[in-house]
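Below, each chain spelled out in residue letters.
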Amino acid sequence: MRDCFDNRSFASVERMGLNKVDFSIIALYLAGITLFGLRFRRKQRTLRDYFLAGREIPWWAISLSIVAAETSTLTIISIPGLAYDTNFTFLQVIMGYVVGRVVISFVLLPHYFRGDLYTAYELIERRFGRGLRSLTAGLFLLTRSAAEGVRVYAVSIVVSIALGTGQITSIAIITALTLIYTFEGGLAAVIWTDVVQTAIYVGGTLVGLVTIAHLVPGGWGAIHSAAATAGKLQVFDFSPSLWKPYTFWSGVIGGTFFTTASHGTDQLIVQRLLAARGQKQSATALLTSGVAILFQFALFLTVGIMLWAYYRVPSAAFGRPDRIYPTFIVSRMPHGISGLLIAAILAAAMSNLSAALNSLSSSAIMDFYARLRPQSDEKMKMRLSRLATLAWALVLFALAVIALHKVGRVVEVGLQIASVAYGALLGAFLLGTLTRRANQSGAMIGMVCGFGIDLYLWLGTSVPWTWWVMIGTSATFAVGWICSLILASGSKL
């Protein structure tokens, strides 16, 4: 197949750009989703309404919301860039994501529905005590805000390419619009806007996929032939190397540990599971979201392979892999479709950001303020919950500006930051649910060790991020259990 993208056409990459129709579609989406989210503000009378949507959300809406919560702009722009440079082996990690959901359904979910919990870390206090609850919640707030800052930064890549605005201005626009309906509507607004936004970005990506196929001479047959010849369609890699990030072993094992931590101990997802009408519906939502996420990542990887077949130039020609898909949308897609796809990417960004704002706010209020000021009435807590949402929006905006100087694929940076904390968090939760002899002091020591090891793996080694959560979890669990036994026997002397 001849190259679809020669040097002359590359020089005119900005040839088309967006027109008034595209801008109208984007503006209509931004205004429409904000107004839709504001519809839920009248129902927010209590903390249960604001943080758990009154526990009245059906399982299918929670399932789509979970998918949207773990799908950010990072996913939509970076996964195609990853496939452009490599192949389908990232899907091995997603297979681990599915297995991890099964583990959560049997190991952690039953504990969350024994009592009236608002956050994941209340379970830790019930098992160990207030000190460890503060430590786990604090670690969540620290790492979730850092990882989310990188995700918000990724939005600026798309908006600046599409609208021509500066990156800081782009970050401010999306943050402000998302804040409006999250501030007013709470988790109900977050979940139901997630449902709409999931339909928009999946539908938009499917339209993009069909469009790319029509732009490549020979269509899908030519794309498949070229990709197969280049080894781009490889899914499984059974090599035993510890240093390759996407092998069957690191993908399935590492992905299982990562998702057990991210969906079982991270308030961003646990908050949605707690909003279900019961444990059975919560488990159904979690498991069906696994099937959806496998399809979704396969879709984004396919887009990347098709872009490779279209351009046939190194990703460095675009500056960075994350710019390939948004550049293609703006410069090569027909008008109207390009506006729809930019709106789809913004949909993923806003759904993820709204989820982060509400979960950070809920943890800050319920895990810290409500315990320090138990005499505060419901009205005061509701007012402070909204102010906390505003405060976290400002924090994420600042972190996104700092992340402007990050290099490499932003999706991997975000996953790395999350992985550093997830090992310690999951280890502590497993100590609480799988053992009876572990105590608070031992678990704290284990968490410090697990977090320290993962921090070292990130900053001082070349061990792939896919292994970090498993290593951190194992270290936290082993050290925490041994120290608990030592401290318990010492107290008896």
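### Considerations on the overall build of the protein chain
So, step 1. When its secondary structure is counted, the protein chain shows 20 helices and zero strands.
So, step 2. Computed over C-alpha atoms, the radius of gyration of the protein chain comes to 22 Å, within 12% of the 23 Å expected from 2.2 N^0.38 for 493 residues, which places it in the range of a compact globule.
So, step 3. Seen along its three principal axes, the alpha-carbon backbone of the protein chain occupies a region of about 80 × 55 × 40 Å.
So, step 4. For the protein chain, long-range pairs separated by at least 24 residues make up 86% of all intrachain contacts whose partners lie at least 6 apart in sequence.
So, step 5. Summing over all exposed atoms, the protein chain offers an accessible surface of approximately 18200 Å²; the carbon and sulfur share of this is 67%.

### Here's the deal with the packing of aromatic side chains
So, step 1. One pass over the full model with this rule turns up 21 aromatic pairs.
So, step 2. Stacked on the ring of phenylalanine 40, the Lys or Arg arginine 39 has its end atom at 5.7 Å from the ring centre.
So, step 3. Over the ring of phenylalanine 128 we find arginine 127, and its NZ or CZ is 4.5 Å from the ring centre.

### Comments concerning the confidence of the model for the protein chain
So, step 1. Per-residue pLDDT for the protein chain averages 85, and the proportion of residues at 70 or more is 92%.
So, step 2. Considering only residues more than four positions removed or in separate chains, one finds that residues 5-15, a stretch of pLDDT under 50, has 17 contacts.

### With respect to the packing of helix H12 (residues 248-264) against helix H13 (residues 267-274)
Each packed pair of helices is defined by two parameters, the angle between the axes and the distance between the axes.
So, step 1. Two elements in contact, H12 and H13, have axes separated by 6 Å at closest approach and are oriented at 60°. Judged by the angle between their axes, H12 and H13 are oblique. Side by side, H12 and H13 meet where Ser262, His263 and Gly264 of the first sit next to Ile269, Val270 and Leu273 of the second.

### Considerations on helix H15 (residues 324-332)
So, step 1. Across the nine residues of H15, nine count as buried, placing the element largely inside the fold.
So, step 2. Within H15, burial applies to Ile324, Tyr325, Pro326, Thr327, Phe328, Ile329, Val330, Ser331 and Arg332.

### A short note on the nonpolar core
So, step 1. Phe90, Tyr112, Tyr201, Leu307, Tyr311, Leu346 and Trp465 are the most contacted members of the largest nonpolar core, which has 157 residues in total.
So, step 2. Top element by residues in this core is helix H16 (residues 337-372). It accounts for 19 residues.
So, step 3. If sequence neighbours within four positions are ignored, phenylalanine 90 has contacts with Ile79, Leu82, Tyr246, Phe297, Leu301, Leu415 and Trp465.

### Side note on the side chain of threonine 211
So, step 1. Residue position: threonine 211 is located in helix H10 (residues 167-215).
So, step 2. You can call threonine 211 buried: its relative accessible area is 11%.

### With respect to the packing of helix H6 (residues 91-107) against H12
So, step 1. Packing of H6 against H12 brings their axes to within 6 Å, and their N-to-C directions diverge by 45°. In this view, H6 runs oblique relative to H12, as classed from their interaxial angle. Handedness of the crossing formed by H6 with H12: right-handed. Taking contact as the criterion, the partners of Gln92, Val93, Met95, Gly96, Tyr97, Val99, Gly100, Arg101, Val103 and Ile104 in H6 are, on H12, Phe248, Gly251, Val252, Gly255, Thr256, Phe258, Thr259, Thr260, His263 and Gly264.

### Focus on the side chain of glutamine 267
So, step 1. Mapped onto the fold, glutamine 267 is located in helix H13.
So, step 2. Accessibility expressed as a relative area gives 0% for glutamine 267, which makes it buried.
So, step 3. Only 3.0 Å separates the side chain of glutamine 267 from the backbone nitrogen of alanine 120, close enough to count as a polar contact.
So, step 4. Apart from the residues within four sequence positions on either side, glutamine 267 is in contact with Tyr118, Thr119, Ala120, Tyr121, Phe140, Ser359 and Ser362.

### Describing the pattern of salt bridges
So, step 1. Considering all chains together, one arrives at eight salt bridges under this definition.
So, step 2. Among the salt bridges present, the one from arginine 133 reaches glutamate 125, with a minimum N-O distance of 2.4 Å.
So, step 3. Judged by relative accessible area, glutamate 125 falls into the partly exposed class, the value being 21%.
So, step 4. With its nearest N and O atoms 2.5 Å apart, the salt bridge here joins aspartate 237 to lysine 244.
So, step 5. Here aspartate 237 falls in the buried class, since its relative accessible area comes to 11%.
So, step 6. Among the ionic contacts, a cluster of salt bridges with common partners joins Glu125, Arg130, Arg133 and Asp367.

### Concerning a nonpolar patch on the surface
So, step 1. On the surface, Phe236, Phe238, Trp249 and Ile253 cluster together into a nonpolar patch covering about 390 Å² of accessible area.
So, step 2. Secondary-structure assignment places tryptophan 249 in helix H12.

### Some details on unusual backbone geometry
So, step 1. You will see that alanine 53, though not glycine, has its phi angle at about 55°, which is positive.
So, step 2. Mapped onto the elements, alanine 53 comes out in the loop between helix H3 (47-52) and helix H4 (59-69).
So, step 3. The phi angle at arginine 312 is positive, at roughly 55°, despite the residue not being glycine.

The rules behind these values
Residues numbered from 1 in each chain as written. Predicted model: local features only at pLDDT ≥ 70, side-chain atom pairs only at ≥ 80, totals over all residues. Heavy atoms only, no water. Helix = DSSP H or I, 4+ residues; strand = E, 2+ residues; numbered from the N terminus. Rg over C-alpha atoms; globule rule 2.2 N^0.38 Å. Contact = heavy atoms within 4.5 Å. Areas by Shrake-Rupley, 256 points an atom, 1.4 Å probe, with all protein chains shown as cover. Phe/Tyr/Trp six-rings, centres within 6.5 Å; stacked < 30°, edge-to-face > 60°. Lys NZ or Arg CZ within 6 Å of the ring centre and 35° of its normal. pLDDT = per-residue confidence, 0-100. Axes fitted to C-alpha atoms, helices over the stretch in contact; angles between N-to-C directions. Parallel < 35°, antiparallel > 145°, perpendicular 65-115°, else oblique. Buried < 20%, exposed > 50% of the residue type's maximum accessible area, 1.4 Å probe, protein only. Core = buried A, V, L, I, M, F, W, Y, C linked by side-chain atoms within 4.5 Å. Left-handed = near helix turned anticlockwise from the far one by under 90°. Polar contact = N/O pair within 3.5 Å; in protein donor to acceptor, adjacent residues only side chain to side chain. Salt bridge = Lys/Arg side-chain N within 4 Å of Asp/Glu carboxyl O. Patch = residues over 30% accessible without salt bridge, like charges linked within 9 Å, V, L, I, M, F, W, Y side chains within 5 Å.

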